[in-house]
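Survey of secondary and tertiary structure
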Amino acid sequence: MIKPATVIRVIVFILLLAAAAWFSFPHTGEKTVLKAADDHPPGYPTTEGLYHMAKRAKELSGGKIDITVYPSAQLGSEKETLENTRMGVIDINRVSCAPISEFMEEMGAFSMPYIFRDEEHEWKVLDGEIGDRLAAKLGEVGMIGLAYYDSGARSFYNNTRPINSPADLVGLKIRTQKSEIMINLVETLGASAVPMAFEEVYSALQTGVLEGAENNPPSYDSTGHYEVAKFYSLDEHSRIPEIVVISKKTWDGLSRKDQLIIRRAAKESEEVQKRLWKEYEQKSMKKVKEAGCKINYPDKTAFLEGAKPIYDKYGRRFGELIREIQAVK
Ligand code: GTR
C-alpha cells in the first residue's frame, strides 16, 4: 500500500520536473521568424528603433519571436519594399508616410505643407484617435500600422543658391519622394520635381542630373548629400512622420499573443526612436555646419502662401481629415 504522503511527494516531484523543463526550454515551440526592412543604415534612429523592437519582441516572447532587420535598403527601395510588404514577402517595414500615401491617399494628409503647427501638435495627432485610425485603415491596403517614428521637418537643399522664398526654386530640378503630394508641392512652389529612389540621389546630385532635394537634417547628413548640395534652407515645409507597418498577411497568420507582443515592442521602440532622433538631429546640424554648408532660415510665410494651391487640390479629396488634424489642440 503506497502512503498518501509518498503519492503527494511523487506528484510534486513530477510537477517540479515539468516546470524545470518548461522554463529551461521555452524556445522549443515553433519560432515566429520575421523580416524587417529600413532604407537607412545602422546607427540611424529609425533603424535603431527597429533593432530595439526586435530585441523587445524577442525578450517578451521568451525567444520565440525572431525579427531580423535588413538596413540600408538591402530589401529594395521604399516603393519596392512597400509592394513586397503588401504581398507578405517582407513582414515589417519602416517607411515614410509620404510614399505610403500612394496606396492609401489619406496618409498623404501628414505630408501636407505646414499641416502640423509644431512638434507637439504632430504628436498629439499621431498618438491620438487620428493616428490610430489611419494606422488601422492601412489594413485595407494590406498593412497594419504599429508605431509612428519621428522624422522632424523636411527642408530644401541644393548646389546652386540659398532658397529664401519659393521664387528661388524656379529653374531648379529638385528630387522628391515617390509621392504625388510631394511632387505637386515641389512643382507648386516653383521647382521642377524629379521623383527618384532615395538611394539614387547622391550620384544624381554629383553628376548634375539634379540641383537639389529636400529632407530632414539627419537624412541630409547620413546620405552625404550635404557634401554635394551645400545650400540648406530650413523652410521646414513638411513634417512627414515615419511609420512602422506589418504586412496584413503576416499579421493575420500570427497568434493573438504574438500580435500583442509585437504591438507592445513596436510601441516601446517609438520612445527609443524619438529620443535618438533628437540627439541625431543636433549632431547632424553641427556636422553639416562644420563641413561648411550654408544654412539659411527663410521666412516660412512665403512658402505657406506659395503652397496654398495644394490645400485647394487635396482639400477636395480629404478636406475633412485636414480640418480634423488642424482642429487638434
Ligand atoms: C527620409 C525617410 C526615408 C525616405 C527618404 C526619402 O527622411 O526616412 O524613409 O523616405 O526620406 O526622401 O526618400
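My aim in this report is to walk through the structure given alongside it, one point at a time. Here the residue index of a chain counts from 1 through its sequence in written order. The model is predicted, so local features are restricted to residues of pLDDT at least 70 and side-chain atom pairs to those at 80 or more, both for listing and for counting; the totals for chains, interfaces and linings are taken over all residues. Each side-chain value is worked out from all heavy atoms of the structure, with water and hydrogens disregarded.

**Description of the pairing of strand β9 (residues 231-238)**
- When a residue's accessible area, from a 1.4 Å probe over protein chains only, is under 20% of the maximum for its type it is buried; when over 50% it is exposed; and in between it is partly exposed. Each helix corresponds to a stretch of at least 4 residues labelled H or I by DSSP, and each strand to a stretch of at least 2 residues labelled E; elements are numbered beginning at the N terminus. With respect to burial, β9 is a largely interior element, 7 of its 8 residues being buried.
- Looking at chain direction, strand β5 (residues 154-158) and β9 are connected through 4 bridges and run antiparallel. Looking across to β9, one finds that Arg154 is bridged to Ser238.
- Following DSSP output, two strands are said to pair if at least two bridges run between them. Here β9 runs beside strand β11 (residues 294-296); their pairing, made up of 3 bridges, is parallel. Paired with Tyr232 across the bridge in β11 is Ile295.

**A word on the site of the ligand**
- It suffices for a single heavy atom of a residue to lie within 4 Å of a molecule or strand for the residue to be listed as near it. Taken together, the neighbourhood of the ligand is formed by 14 residues, with His40, Glu78, Arg175, Asn215 and Glu242 sitting nearest.
- Counting of polar contacts relies on pairs of N or O atoms within 3.5 Å, with two restrictions inside protein: one atom must be capable of donating a hydrogen and the other of accepting it, and residues adjacent in sequence are counted only when both atoms are side-chain atoms. Side-chain polar atom of Asp39 to an oxygen atom of the ligand: 3.2 Å apart, as the coordinates give it.
- The contact in question runs from an oxygen atom of the ligand to an N or O atom on the side chain of Glu78, over 2.6 Å.
- Isolated, the ligand exposes 320 Å² of accessible area, and the fraction of that covered by the protein chains is 99%.
- Comparing atom positions with the cavity grids shows the ligand to sit within the largest cavity.
- For this classification, the nonpolar set comprises Ala, Val, Leu, Ile, Met, Phe, Trp, Tyr, Cys and Pro, the charged set comprises Asp, Glu, Lys and Arg, and every other residue, Gly included, is treated as polar. Here the residues of the shell around the ligand sort into 1 nonpolar, 7 polar and 6 charged. Only the protein chains shown count as cover for residues, with accessible areas throughout obtained via the Shrake-Rupley method and a probe of 1.4 Å. Whether a set of points on the 1 Å grid over the protein atoms alone is a cavity depends on a 1.4 Å probe fitting there but being unable to get out, while an open set qualifies as a pocket with protein on both sides within 12 Å along at least five of seven lines; lining residues are those with an atom within 4 Å of a point. By definition, a pocket or cavity contains a molecule when more than half of the molecule's atoms lie within 2 Å of the pocket's grid points.

**Things to note about the layout of surface pockets**
- Reported here for the second largest pocket is a volume of approximately 170 Å³.
- Its residues placed into classes, the lining of the second largest pocket shows 3 nonpolar, 5 polar and 2 charged. Grid points are joined across faces, edges and corners, and a volume is the space filled by probe spheres set on the points.

**Observations concerning the packing of helix α7 (residues 180-188) against helix α14 (residues 308-327)**
- Only the stretch in contact is used when fitting a helix axis, every axis being a line fitted to C-alpha atoms; angles between N-to-C directions are given from 0 to 180 degrees. Packing of α7 against α14 brings their axes to within 9 Å, and their N-to-C directions diverge by 155 degrees. Considering the angle they form, α7 stands roughly antiparallel to α14. Of the residues in α14, those touching α7 at Glu180, Ile181, Asn184, Leu185 and Thr188 are Pro309, Ile310, Lys313, Tyr314, Arg317 and Phe318. The labels follow the angle: roughly parallel below 35 degrees, roughly antiparallel above 145, roughly perpendicular from 65 to 115, and oblique for the rest. Contacts are residue-level and defined by heavy atoms, with any inter-residue pair within 4.5 Å sufficient.

**Considerations on the side chain of Glu270**
- Within the element layout of this structure, Glu270 appears in helix α12 (residues 256-290).
- For Glu270, a relative accessible area of 2% puts it in the buried group.
- Reaching out from Glu270, the side chain makes a polar contact with the side chain of Lys267 at a distance of 3.0 Å.
- Apart from the residues lying within four places of it in its own chain, the contact partners of Glu270 are Trp123, Asp127, Ala147, Tyr148 and Tyr149.

**Side note on the packing of aromatic side chains**
- Note on ring pairs: Phe, Tyr and Trp rings are taken, using the six-membered ring of Trp, and paired if centres are within 6.5 Å. Classes follow the plane angle, with under 30 degrees stacked, over 60 edge-to-face and the rest tilted. This structure, assessed with the given rule, holds 9 aromatic pairs.
- Taken together, a centroid distance of 6.1 Å and an interplanar angle of 85 degrees make the contact between Phe110 and Tyr148 edge-to-face. Of this pair, Phe110 sits in the loop between α4 (97-100) and α5 (119-127) while Tyr148 sits in strand β4 (residues 143-149); the two residues are 38 residues apart in sequence, bridging distant segments of the chain. By the burial criterion, Phe110 is buried, and Tyr148 matches it.
- Taking 4.5 Å as the distance between ring centres and 35 degrees as the angle between the ring planes, the aromatic pair formed by Tyr157 and Tyr220 counts as tilted. Of this pair, Tyr157 sits in strand β5 while Tyr220 is found in helix α9 (residues 217-222), placing the two residues 63 residues apart along the sequence. Each member of the pair, Tyr157 together with Tyr220, is buried.
- Taken together through their ring pairs, the aromatic side chains of Tyr157, Tyr220, Tyr226 and Tyr232 make up a single cluster.
- Above the ring of Trp123, the side-chain terminus of Lys274 is found at 3.6 Å from the ring centroid.
- As a reminder, the over-ring test applies to NZ of lysine and CZ of arginine, requiring each to be within 6 Å of the ring centre and within 35 degrees of the ring normal. When the ring centre of Tyr280 is taken as reference, the NZ or CZ atom of Lys283 above it lies at 4.4 Å.

On their own, these measurements won't tell you what the molecule is for.
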